[in-house]
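Chain by chain, the residues:
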Amino acid sequence: MQDYLNQLNEAQLAPVLQKDGAMIVIAGAGSGKTRVLTYRIAYLMEKGVDAFSILALTFTNKAAREMKKRIAEIVGASEAKNLWMGTFHSVFAKILRIEAERLGYPSNFTIYDTQDSQSVIRAIIKEMNLDKDVYKYKQVYSRISSYKNSLITVKAYFNNPELMEADAMAKMPRLGDIYKAYVARCFKAGAMDFDDLLLKTNELLTRFPEVLAKYQNRFRYILVDEYQDTNHSQYLIVRALSDRFQNICVVGDDAQSIYAFRGANINNILNFQRDYDDVKVYRLEQNYRSTKNIVEAANSIIDKNKTKLEKIVWTENEPGNKIIVNRSMTDGDEGRFVASSIFENKMNNQLKNGDFAILYRTNAQSRAMEDALRKKDIPYRIYGGLSFYQRKEIKDVIAYLRLILNPKDEEALKRVVNYPARGIGNTTIEKLIVAANHYNRSIFEVMEHLDKIDLKINSGTKGKLQDFVTTIKSFQVLNESYNAFEIAEHVVKKTGLLQELKKDATPEGIARIENIEELLNGLRDFVEEQKELAESSGSLSEFLEDVALATDLDNEKGDDDRVALMTIHLAKGLEFPYVYVVGLEEDLFPSGMSMNTREELEEERRLFYVALTRAEKQAYLTYAQTRYRWGKLIDAEPSRFLEEIDENFLEYLTPVTENRYKPLIDADIFDEVDKSNLRLRKPTKGTPPRGPSEEQLKKLRRLRPVNASGKEKVEVDSNLKIGTLVEHMRFGKGKIVNIEGVGADKKAEINFENGGLKKLLLRFAKLNIL
Ligand code: ATP
Ligand code: MG
């Protein structure tokens, strides 16, 4: 046992040493909340609490693994192994498997991922003959999801005229019917979706008092990290389980609540004191993660929020560098800036790729970053987006594996019944679906009994369907004696999946085969690991559970060194020495979709606070003046968040744009303006500009007088007239067909050979006169 308690400050020590009772730790970013949870668990075990009776709920499975590792270092691996630790979804999926039959589910129920759920909903909308432009499946899915997370079952929905009216107002009066059909369809397929894992746990704990008692007695100590982002469904589970012993410790930061859009309820943190007797509230104030500059800049942002608990965050860490702000011309330039900066920092400070993270508001922004990193040969990994397990070829293999365990799984069946092609057409599949609905059986069951029902399917096709059933059944037999890796290898060969992919010799085709190999490698590792841990035998069902709940963060291999790219939402709880927060533009961050109310804007601001507080040593904030969004070139304005940070903590860089092509129209002005800090709204106090010399600046000032409003006057080349032939980097050659606006707002409408008609703001458009 290490002397770990001296690695805590006094404020942190208090909640660790309070063994029993209800407590909440509210504290800002980087103040050691997660460390307190970790050490508290170690302390409980040291004081004789059985590992089996401790339940710790984390935000990602990765966080749980890291916590377990640290605890194992303190108390020993054999003890730590027995802790119940993981995300809400993974812990309660385990419990649901044990108790499934009470709820009418098979214990081998499938977990439908978002794609599966959306595909079921899409099918239902089609079957009900609803207009798919009104009933958009993704929207329907998210409404149903939010009902489930608020514990509004189908029955509760139909008992609630207000909800029905709200959906009718949203032009979706049949939403309840879709909800009902969706729930029935999942049930018939022996499937639970992500939200069911929480909803059904609640159902289990309320309908079966003996089950509730069992788990209340088991989990005598409950701990929850990132409590501010629990939704109603999660909140009720925690409250029910902790009700008997009331040994509950939650930690969180209201300033980092960023999942309201998914139903997270900040009131859970605010009301905690009401829910338990004698709640002890602890506050931590000292930040150990970041430099003074970063901590204070972050404080200056969150200060702008009205709805918040007052908190103090300070640090003894060194002041560090100022936060660097960089403006680029285009999103492409922004990517190049970030890649070059990472490259330089690595060289100058002997850093690893893994010391860097690039954080963005939306997944789409990763592309420009990726392109630039690739050009500089900097290895990176994207988290989120399309995860490994969501790629088509991987989902195909997984679908076979799912069918082996649960042949009722309709999404899996539909996916592979005719893949690789075996002559089972859509009409046949539709007949099967109709029959399955009619007899209230699964499609697979219908296929098993084709000779008993007359579906008007010809004997050739019937034979093919029966072959498919036989194949799956033969896999099931093997599954009784083989491990997950062996089964998967067999499936890949016997179904003809690999042969099918080998037909495609394109690089994409080859990549797909490599992915399947990677899946098999992963399976082999999984089996080995499980055996080593002596936790299990590495069975298929364990593997599938892991896959269903895997987030990208969980697939991280510790051994390779890459720059991390992810959305800010995903970065919560993590830390990196160098952090680039990119795309700080109005409408992007804050998101254009989240600026309508103060609540939404405050959530965006919290998101910004989360982003900035991930940085340990150096933070960069970048934005572009033009950006491609939804296929269009958009003029962007710097984010209001840049204005909001106390400028004492910022250093505005002067952008260096690559001179990628030959003479520009009034090349000098455009080129030099790029390199000047003339247009910067907040010149750095005291720090010499890194760009042009004083000499150049004087010249530029003469050329581009700044007017009274502080906006510089822009002179655009007067040679640009209607009829002028020009060349643009992206769109190629074109002819000006119209000119409008004056000065900085002057725009030209240009008919491009490659890009068609485009309207460009001349002060940004890099045009070459032909
Ligand atoms: P977040 O709000 O971002 O989740 P947090 O409050 O959970 O942050 P931790 O991740 O626990 O903070 O801690 C931040 C960093 O500070 C970690 O690297 C942690 O190891 C370190 N740290 C925490 N407490 C101490 C301490 N007493 N002494 C030294 N380092 C500490
Ligand atoms: Mg934390």
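Given the structure is predicted, the values throughout are model-derived calculations rather than measurements.

Q: Explain the overall build of the chain here, please?
A: Assigned secondary structure in the chain consists of 32 helices and 23 strands. In the chain, which comprises 770 residues, the proportion classed as buried is 42%. Once local pairs closer than 6 in sequence are excluded, the contacts in the chain between residues at least 24 apart make up 74%.

Q: Just checking my understanding: could you explain the environment of K306 for this structure?
A: The residue K306 is located in the loop between α16 (292-302) and β10 (314-315) in this model. Using a count of 7 C-beta atoms within 10 Å as the deciding quantity, one classes K306 as exposed. Separated by 284 residues in the primary sequence, K306 and P590 place their C-alpha atoms 17 Å from one another.

Q: Could you clarify how one ought to interpret the UniProt feature "binding site: ATP" (unreviewed entry) in the chain in this entry?
A: UniProt marks A27, G28, A29, G30, S31, G32, K33 and T34 with the feature "binding site: ATP" (unreviewed entry), using the numbering shown here. Inspection of the secondary structure puts G28 in the loop between β1 (22-27) and α2 (33-46). Excluding residues that lie within four positions of it along the chain, G28 makes contacts with D253, A255, N287, K311 and V313. Within the secondary structure layout, T34 lies in helix α2. Residue T34 is classed as buried on the basis of its C-beta count, with 20 C-beta atoms lying within 10 Å. Contact partners of T34, with chain neighbours within four places excluded, come to D225 and G573.

Q: Sorry, what's going on with the packing of helix α6 (residues 114-127) against helix α7 (residues 137-149) here?
A: Axis angle and axis distance: for two packed helices, these are the angle between their axes and the distance between the axes, and together they describe the pair. Their axes nearest at 9 Å, the elements α6 and α7 cross at an angle of 115°. The pairing of α6 with α7 is recorded here as roughly perpendicular in orientation. As for how α6 packs across α7, the hand of that crossing is right-handed. Side by side, α6 and α7 meet where S117, Q118, I121, R122 and I125 of the first sit next to Y137, K138, V140 and Y141 of the second.

Q: How do you make sense of α16 when you look at a structure like this?
A: Helical periodicity: at 3.6 residues per turn, an α-helix aligns residues three or four positions apart in one direction. For α16, a buried count of eight out of 11 residues is recorded, marking the element as mostly surrounded by other parts of the structure. Restricting attention to buried positions, one finds in α16 the residues N293, I294, V295, A297, A298, N299, I301 and I302.

Q: What am I meant to see in the site of ligand 1 here?
A: Near ligand 1, the surroundings consist of 19 residues, among which G32, K33, T34, R35 and Y288 are the closest. A breakdown of the residues in the shell around ligand 1 according to their chemical character gives four nonpolar, 10 polar and five charged.

Q: Would you mind showing me how to read the pairing of strand β12 (residues 356-360) here?
A: On any regular strand, side chains alternate: one points to one face of the sheet, the next to the other face. Most of β12 sits out of view: five of its five residues are buried. Where burial is concerned, the two faces of β12 agree: the one with F356, I358 and Y360 and the one with A357 and L359 are both buried. Strand direction decides the pairing type here: β12 and strand β15 (residues 576-581), joined by four bridges, are parallel. Of the residues in β15, the one forming a bridge with L359 is V581. Of the pairings in the sheet, the one linking β12 to strand β14 (residues 563-567) comprises four bridges and is parallel in character. Along β14, the bridge assignment pairs A357 with A564.

Q: Even after reading the chapter, I still don't get helix α29 (residues 598-612), so can you show me in this structure?
A: Here α29 contains 15 residues, and its C-alpha end-to-end distance of 21 Å stays within 8% of the 21 Å for a straight helix at 1.5 Å per residue. With 11 of 15 residues buried, α29 is to be regarded as a mostly interior element. Those residues of α29 that sit buried are E602, E603, E604, R605, R606, L607, F608, Y609, V610, A611 and L612.

Q: Would you mind showing me how to read the sheet that holds strand β3 (residues 84-87) here?
A: Through backbone hydrogen bonds, the strands of a sheet pair up, either in parallel or in antiparallel fashion. Sheet architecture is open: six strands sit in the order β3-β2-β6-β7-β1-β8, paired in parallel fashion. The open sheet is flanked by β3 and β8 (280-284), the only strands paired with a single partner. For this sheet the average axis-to-axis angle between neighbouring strands, irrespective of direction, equals 15°. Sheet contacts for helix α1 (residues 10-17): β1, β7 (248-252) and β8; angle to β8, the most-contacted strand, approximately 150°. In the packing of helix α5 (residues 88-99) onto the sheet, contacts are made with β2 (54-58) and β3, and the angle to β3 comes to roughly 125°.

Q: So what exactly am I meant to see when it comes to the nonpolar core here?
A: Here is a general trend for soluble globular proteins: nonpolar side chains tend to be buried in one another's company. Core analysis: the largest hydrophobic core is formed by 123 residues, its most contacted members being I41, A56 and L401. Residues within four places of A56 in sequence aside, it is in contact with L37, I41, A64, M67, L83, M85 and L223.

Q: Honestly, the sheet that holds strand β22 (residues 756-761) in this entry has me stumped. Any pointers?
A: Spatial ordering of the open sheet is given by β22-β21-β20-β19-β23, a layout of five strands whose pairing is antiparallel. With one partner strand each, in any of the chains shown, β22 and β23 (767-769) form the two edges of the open sheet. Put simply, the sheet's adjacent strands are angled 40° from each other on average, direction ignored.

Q: Is there a simple way to think about the pairing of strand β19 (residues 725-728) in this case?
A: As defined by bridge partners, β19 adjoins strand β20 (residues 732-740) across four bridges and the pair is classed as antiparallel. When the bridges of β20 are listed, E727 appears paired with K733. Here β19 pairs with β23 via three bridges, running antiparallel. Looking at β23, one finds that H728 is bridged to L767.

Q: I keep staring at unusual backbone geometry and nothing clicks. Help me out?
A: The bulk of non-glycine residues show a negative phi, and the bulk of peptide bonds are trans. The omega torsion of the bond from Y419 to P420 falls at -5°, within 30 degrees of zero and hence cis. The backbone of N129 shows a phi angle near 55°, a positive value even though the residue is not glycine. Residue position: N129 is located in the loop between α6 and α7. Even without a glycine there, the phi angle at K171 is positive, about 65°. With respect to the secondary-structure elements, K171 resides in the loop between α9 (161-169) and α10 (175-188).

Q: Would you take a moment to explain the confidence of the model for the chain for this structure?
A: Parts of the prediction with low pLDDT should not have their coordinates interpreted in detail. Scored by pLDDT, the chain comes out at a mean of 86, with 88% of its residues at no less than 70. Predicted confidence is poor over residues 656-693, with pLDDT under 50, and the contacts of this stretch with residues over four places away or in other chains come to 61 contacts. Here the predicted complex scores 0.77 on pTM and 0.99 on ipTM.

Q: Where do I start with the environment of L175 in this structure?
A: Positionally, L175 belongs in helix α10. On the neighbour-count criterion, L175 (23 C-beta atoms within 10 Å) is buried. Considered as a pair, L175 and N9 are 166 residues apart in the sequence and their alpha carbons are 53 Å apart. Dropping the residues within four chain positions of it, L175 is found in contact with V140, R143 and D167.

Q: I keep staring at the environment of A619 and nothing clicks. Help me out?
A: Take A619: it is sitting in strand β16 (residues 615-629). By C-beta crowding, A619 is classed as buried, having 30 other C-beta atoms within 10 Å. Separated by 576 residues in sequence, A619 and Y43 place their C-alpha atoms 35 Å apart. Not counting the four nearest positions on each side in its chain, A619 is found in contact with I294, I323, V579, V581 and L612.

Q: I would appreciate a short explanation of the packing of α1 against α2 in the present structure.
A: Relative orientation of the contacting elements α1 and α2 amounts to 45°, with a least axis distance of 8 Å. With respect to their mutual orientation, α1 and α2 come out oblique. Crossing geometry of α1 relative to α2 is assigned as right-handed. Seen from α1, the contacting residues are Q12, P15, V16 and L17; seen from α2, they are R35, V36, Y39, R40 and Y43. Each residue belonging to the contact of α1 with α2 can be placed in one class, and the counts come to six nonpolar, one polar and two charged.

Rules used throughout
- Residues numbered from 1 in each chain as written.
- Chains lettered and ligands numbered in written order.
- Predicted model: local features only at pLDDT ≥ 70, side-chain atom pairs only at ≥ 80, totals over all residues.
- Helix = DSSP H or I, 4+ residues; strand = E, 2+ residues; numbered from the N terminus.
- Buried ≥ 20, exposed ≤ 12 C-beta atoms within 10 Å, placed from the backbone.
- Contact = placed C-beta atoms within 7 Å.
- UniProt positions renumbered as here; feature names shortened; annotations may be inferred.
- Axes fitted to C-alpha atoms, helices over the stretch in contact; angles between N-to-C directions.
- Parallel < 35°, antiparallel > 145°, perpendicular 65-115°, else oblique.
- Left-handed = near helix turned anticlockwise from the far one by under 90°.
- Near = placed C-beta within 6 Å.
- Nonpolar A, V, L, I, M, F, W, Y, C, P; charged D, E, K, R; others polar.
- Pairing = 2+ DSSP bridges.
- Expected span 1.5 Å × (residues − 1).
- Core = buried A, V, L, I, M, F, W, Y, C linked by C-beta atoms within 7 Å.
- pLDDT = per-residue confidence, 0-100.

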